[in-house]
Amino acid sequence: FLRRTADVAASEPDLVAVFTGAAARGTPGRTPTMSEGRIDDYFAARLRSFVAMTSSSVLLHRETFLAIGGFREDYAYAEDTEAWFRLVCEGPVYFVPELLCQIEAGDGSRITRTLPPEAKVAGLTHLLDSYATHLATGRIPARQASACRRFMEHQSGRIAVHLTHAGHPMLAARRLLASVPLGSHTWREYVACLKALLR
């Protein structure tokens with residue numbers, strides 16, 4: 001992992017991060033379908049090819065990450081996704097498809113699995129607030145604006161799912177109708193909300 005990612009970082013100094021494929025032990029997982037290379041639109045790659053940075057699979061440009069404030073510690077869910085959002089607005093990243101790290105995705109005792117839905121709503125709300133601030137101040141690169149908007153619509157749909165699990169179906173329905181257009185990137189959230197309501 002270190003040899004591959006450090007070699008890439010040394011050869012392309014404008015990158016803000018290099019990340020690799022990750023083997024998720026405990027789940028069926030999904031083999032990356034994207035080839036190796038630079039990613040100028042991280043959100044399009046996430047939506048299209050299901051690749052994503054994780055804290056275990058990324059080599060960061062330290063100065064850039066510190067300059068944007070690093071990880072925020074005032075909430076316990078989606079803080080990594082929010083940090084990657086701020087980071088990729090600063091420059092391109094590079095993807096190495098080899099599975100060079102392993103994460104315990106199927107561990108039911110993980111913090112993200114045991115958090116109450118209200119905490120998950122709070123974390124995703126922080127993410128959307130950060131997106132709104134970046135959007136208002138013009139800090140989202142034009143090349144990423146469209147895919148970033150669709151990615152955040154997906155996250156808003158996830159909030160609706162967690163609201164349903166928290167016992168707030170009307171709030172969930174209002175969110176879906178107001179801020180989550182039905183599409184290829186959000187239909188799963190509509191289905192998840194419906195399943196939760198029918199339980």
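Check the entry above for the structure.
Because the structure is a prediction, the values reported are computed rather than measured.

Draft legend 1. Here's a closer look at the nonpolar core. In terms of nonpolar packing, the biggest core is built from 43 residues, with Phe 19, Tyr 42 and Phe 85 touching the most fellow members. Looking at which element gives the most residues to this core, the answer is helix α7 (residues 142–165), with eight residues. Those residues in contact with Tyr 42 that lie beyond four places of it in its chain are Phe 19, Ala 52, Met 53, Trp 84, Val 88, Val 93 and Gln 144. The next biggest cluster of nonpolar side chains, apart from the first, holds five residues, and it includes Val 8, Val 18, Tyr 94 and Val 96.

Draft legend 2. Region of the structure containing α7. With 24 residues, α7 ought to run about 34 Å at 1.5 Å a step, and its terminal C-alpha atoms sit 35 Å apart, in line with that. Along α7, the helix axis deviates most sharply at Cys 148, where the bend reaches about 30°. Remark: Gly 167 follows α7 within two positions and exhibits a positive phi of approximately 90°.

Draft legend 3. Highlighting the environment of Ala 122. By the secondary structure assignment, Ala 122 is in helix α6 (residues 117–136). Sequence separation between Ala 122 and Tyr 77 is 45 residues; the distance between their C-alpha atoms is 7.7 Å.

Draft legend 4. Representation of the pairing of strand β4 (residues 93–103) within the structure. Two strands pair when backbone bridges link them, and strand β1 (residues 17–24) and β4 are joined in this way by eight bridges, in the parallel orientation. Bridge pairing in β4 links Thr 20 to Val 96. As judged from the three bridges shared by strand β2 (residues 37–39) and β4, these two strands associate in the antiparallel manner. Paired with Arg 38 across the two strands is Tyr 94, which belongs to β4.

Draft legend 5. Just the sheet that holds β2, in detail. Within the open sheet, the four strands sit side by side as β2-β4-β1-β3. Their pairing is mixed. The open sheet has two free edges, formed respectively by β2 and β3 (58–60), since each of these has just one partner strand. Within the sheet, the average angular offset between the axes of one strand and its neighbour, ignoring direction, is 45°.

Draft legend 6. Geometry of the pattern of salt bridges. All chains considered together, the criterion is met by seven salt bridges. We note a salt bridge from Arg 4 to Glu 98, for which the minimum N-O separation is 2.8 Å. With Arg 4 in helix α1 (residues 2–11) and Glu 98 in strand β4, this pair connects stretches of sequence that are 94 residues apart. The exposure class assigned to Glu 98 is partly exposed, which follows from its relative accessible area of 36%. As a salt-bridge pair, Arg 149 and Glu 153 come within 3.1 Å of each other at their nearest N and O atoms.

Draft legend 7. The arrangement of unusual backbone geometry in detail. A positive phi angle, close to 60°, is found at Phe 50, a residue other than glycine. Mapping Phe 50 onto the fold places it in the loop between α2 (42–49) and β3. A positive phi angle is found at Ala 78, which is not glycine, with a value near 65°. For Ala 78, the position within the fold is in the loop between α3 (62–67) and α4 (79–88).

Draft legend 8. Looking closely at α6. The end-to-end C-alpha distance of α6 is 28 Å, a good match for the 28 Å that 20 residues give at a rise of 1.5 Å each. Inspection of α6 places Lys 120, Val 121, Gly 123, Leu 124, Leu 127, Leu 128, Ser 130, Tyr 131 and His 134 among the buried residues, and these make up the whole buried set. Positive phi appears at Gly 138, one or two residues downstream of α6, with a value of about 70°.

Draft legend 9. Spatial organisation of the environment of Asp 80. Tracing the chain through its elements places Asp 80 in helix α4. In this structure, the C-alpha to C-alpha distance between Asp 80 and Leu 60, residues 20 residues apart in sequence, is 13 Å. For Asp 80, the residues in contact, after removing those within four places along its chain, are Ser 55 and Phe 71.

Definitions and limits used
Throughout, a residue's number is its position along its own chain's written sequence, starting from 1. Where totals are concerned, whole chains, interfaces and linings use all residues; where local detail is concerned, this predicted model gives features only for residues with pLDDT of at least 70, and gives and counts side-chain atom pairs only at 80 or more. Water and hydrogen atoms were dropped before computing side-chain values, which therefore reflect all heavy atoms in the structure. What makes a nonpolar core is a set of buried Ala, Val, Leu, Ile, Met, Phe, Trp, Tyr and Cys residues whose side-chain atoms join them at distances within 4.5 Å. The rule is simple: take the accessible area with a 1.4 Å probe, protein chains only, and divide by the maximum for that residue type; under 20% is buried, over 50% is exposed, in between is partly exposed. Helix and strand assignments follow DSSP, with helices taken as H or I runs no shorter than four residues and strands as E runs no shorter than two, numbered in order from the N terminus. Two residues qualify as a contact provided that any one of their heavy atoms is within 4.5 Å of a heavy atom in the partner residue. The length a helix should cover is 1.5 Å for every residue beyond the first. Throughout, bend refers to the angle between the axes fitted to the seven residues that end at a position and the seven residues that start at it. Pairs of strands are assigned from DSSP output, requiring at least two bridges between the strands. Think of each axis as a best-fit line through the C-alpha atoms, taken over the contacting stretch in the case of a helix, with angles from 0 to 180 degrees between the N-to-C directions. In the sections that follow, a salt bridge refers to a side-chain nitrogen of Lys or Arg positioned within 4 Å of a carboxyl oxygen of Asp or Glu.

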